[in-house]
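Each chain, letter by letter, is given below.
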Amino acid sequence: MLDSTRRTRRTRRAVAATAGVTTLALTLAACGGDSEGADDGATSGDEEITLTVATFNQFGYTDELLAAYTDEHPNVTVKQVTAAKSEDARNNLTTKLAAGGEGLADIEAIEVDWLPELMEFPDLFEDLADPELEGRWLDWKVQQASTPDGKLLGYGTDIGPSAICYRADLFKKAGLPTDREKVAELLGGEDATWDDYFAAGKKFVAKSDAAWFDSATPTYQGMVNQLPAAYEDAETGEPKDLESNTEIRDLYDQVLAASVDDELSAGLKQWEEDWTAGFQNNAWATMICPPWMTASIEQNAGGVEGWDVADVFPGGGVNWGGSFLTVPASGPNTEAAKELAAWLTSPEIQTKAYENANTFPSQVEAQASEAVQTSVNDFFNDAPVGPIFSARAEAIEGAPYKGKNYFAIHQGVQDALERVDIGGDDPEESWKGALDTYASLGL
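Residues numbered from 1 in each chain as written. Predicted model: local features only at pLDDT ≥ 70, side-chain atom pairs only at ≥ 80, totals over all residues. Heavy atoms only, no water.

Colleague: Looking at this structure, how should I read the sheet that holds strand β8 (residues 307–310)?
Modeller: One open sheet holds the 4 strands; their spatial order is β6-β7-β5-β8, and the pairing between them is mixed. The sheet is open, and its two borders are formed by β6 (211–213) and β8, each paired with just one other strand. Shown here is a sheet whose adjacent strand axes are inclined to one another by a mean of 20°, direction ignored. When strand β5 (residues 163–167) meets β8, the two strands line up antiparallel, connected through 4 bridges. Opposite I164, over in β8, you have A310 as the bridge partner. (Pairing = 2+ DSSP bridges. Helix = DSSP H or I, 4+ residues; strand = E, 2+ residues; numbered from the N terminus. Axes fitted to C-alpha atoms, helices over the stretch in contact; angles between N-to-C directions.)

Structure below.
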């Protein structure tokens, strides 16, 4: 049974259900991948132009950094448009692509999970393949953005090698070790498993009013990213029947058993107001933590002391997130945009972006730079985040397969998790809802 404190915390966080997910393939069907009518994007070397860069969350592209490009290219003014949430950026991108690309930025940042759907319409984007840039990125990062015939849709920005961020002060109050090396051992060390992580969580919540983690969905994200091919067959691209997908059902059951039965979850949806407030209210003690998340933690937990980073992750190395810069083919200055995108993803600039926003670079040279390897994070108790996330990156064996239906199927499972973890629904009934959503996709 939930005690009154936890019951109040769980039940007050019901959120409105979304109407569902329309796949990009359906959204773009009307445009048919036809970019006819767009000009070739050529510009003269001295023509005065403005290039827009559409991003979301934090990419580390400060005004000063972008102004440096204008210093090198006096005829080019660079403006950044930043969406508050990645889903806002995705909706804007897909809607405008379906309308022929009018109103899109010259450079559109995208998340890795959008790529499989976008690859169904490669003609809507410029081919960024450039022999002079070969070897700049990790091989699996380039593979993620490459079509079967070798077209490169995006230049890699960051990757998300994940560690565990934790509140050392809350650990101390609960009688758990606080030193980051000992915390790594507590969670299982080099051979850490999800059972180890959840077992430590049960020890914690038994002696604390705080939850172990923020919500079921990001925990599941870390788990599902460790599957070689979660929702689709890697050889054929065909979707796996969700009802008989025992790997996914097992993860669903495991994370909800920890979240609800063991009361480890705070039941807070990431990026919502209650989640943001939770950083100040000591709502949970640990988080799945790719480098880009550390910036959000610091922003939301300002004034709260005790955050640290442990070089450990249940189940082995995993990548969560990471983005790319694309150049829509409909833009008026595509050649200039490609040049800017290459500059923004150069090792030197990505090193500066990492220093600005903790966006761990996908560029090999940038990862090895002194700035990255010697970096520490003052907010996280002077944690040596450069070496920690480098070690987490080395533990990643490759990118999991994600086909064109990944996003829609994954969203249905996430919605099912949220209905239970946040809304208090029955797990079995919510799973049936995920199956209904899957059936509605007509796959």
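Colleague: Help me understand the sheet that holds strand β2 (residues 76–83) in this model?
Modeller: The mixed open sheet is built from 5 strands, whose spatial order is β2-β1-β3-β9-β4. This sheet does not close on itself; its edge strands, each paired only once, are β2 and β4 (155–161). Recorded for the sheet is a direction-independent mean angle of 15° between the axes of neighbouring strands. Sheet topology note: the strand β1 (residues 49–56)/strand β3 (residues 107–111) ladder contains 2 bridges and is parallel. Within β3, the position partnered with V53 by the bridge is I107.

Colleague: Please explain the packing of aromatic side chains as it appears in this structure.
Modeller: Each pair of aromatic rings is reported with the distance of its centres and the angle of its planes. Inspection of every chain in the model, using the stated rule, returns 27 aromatic pairs. On the basis of an interplanar angle of 70° and a centroid distance of 4.9 Å, the ring pair of F279 and W284 is categorised as edge-to-face. Of the residues examined, W284 reaches a relative accessible area of 2% and is grouped as buried. When the centroid spacing of 6.2 Å and the interplanar angle of 45° are considered together, the rings of F279 and W307 count as tilted. (Phe/Tyr/Trp six-rings, centres within 6.5 Å; stacked < 30°, edge-to-face > 60°. Buried < 20%, exposed > 50% of the residue type's maximum accessible area, 1.4 Å probe, protein only.)

Colleague: Quick question: what am I supposed to make of the state of the cysteines here?
Modeller: Such a bond, covalent and formed between the sulfur atoms of two cysteines, is termed a disulfide. Inspection of the entire model under this criterion finds 1 disulfide. The disulfide partner of C165 is C289, and the gap between their sulfur atoms is 2.1 Å. Taking the sign of the S-S torsion, -55° for the link of C165 and C289, the bridge is left-handed. Taken together, the residues C165 in strand β5 and C289 in strand β7 (residues 284–289) connect sequence positions 124 residues apart. (Disulfide = S-S within 2.5 Å.)

Colleague: Before we go on, may I ask you to explain the packing of helix α19 (residues 406–421) against helix α20 (residues 427–440) in this structure?
Modeller: Each packed pair of helices is defined by two parameters, the angle between the axes and the distance between the axes. Packing of α19 against α20 leaves a shortest axis separation of 9 Å and a crossing angle of 160°. With respect to their mutual orientation, α19 and α20 come out roughly antiparallel. Crossing of α19 over α20 shows right-handed handedness. In contact with I409, G412, A416, R419 and V420 of α19, α20 contributes P427, S430, G433, A434, T437 and Y438. Among the residues making up the contact of α19 with α20, the classes are represented as 6 nonpolar, 4 polar and 1 charged. (Parallel < 35°, antiparallel > 145°, perpendicular 65-115°, else oblique. Left-handed = near helix turned anticlockwise from the far one by under 90°. Contact = heavy atoms within 4.5 Å. Nonpolar A, V, L, I, M, F, W, Y, C, P; charged D, E, K, R; others polar.)

Colleague: Which parts of the structure should I look at to understand the side chain of K402?
Modeller: Checked against the element boundaries, K402 lands in the loop between α18 (385–394) and α19. A distance of 2.6 Å separates a polar atom in the side chain of K402 from a polar atom in the side chain of D113. When sequence neighbours within four positions are dropped, the list of residues in contact with K402 reads D113, P116, N225 and E232. (Polar contact = N/O pair within 3.5 Å; in protein donor to acceptor, adjacent residues only side chain to side chain.)

Colleague: Got a minute to help me understand the pattern of salt bridges in this structure?
Modeller: Opposite charge on two side chains makes pairing possible when the charged atoms of those side chains draw close. Scanning the model with the defined rule gives 13 salt bridges in all. Where K404 meets E120, a salt bridge forms, and the shortest distance between an N and an O atom there is 3.8 Å. With K404 in the loop between α18 and α19 and E120 in the loop between α5 (115–118) and α6 (139–144), the pair connects residues that are 284 residues apart, well separated along the chain. Overall, E120 belongs to the partly exposed group, its relative accessible area being 41%. E429 is paired through a salt bridge with K432; the nearest N and O atoms lie 3.4 Å apart. Of this pair, E429 and K432 are both found in helix α20, 3 residues apart, which corresponds to roughly one turn of the helix. Its relative accessible area of 49% is what places E429 among the partly exposed residues. Relative accessible area serves as the criterion here: at 41%, K432 is assigned to the partly exposed category. Each of E126, E335 and K338 takes part in salt bridges that share partners, so that together they form one network. (Salt bridge = Lys/Arg side-chain N within 4 Å of Asp/Glu carboxyl O.)

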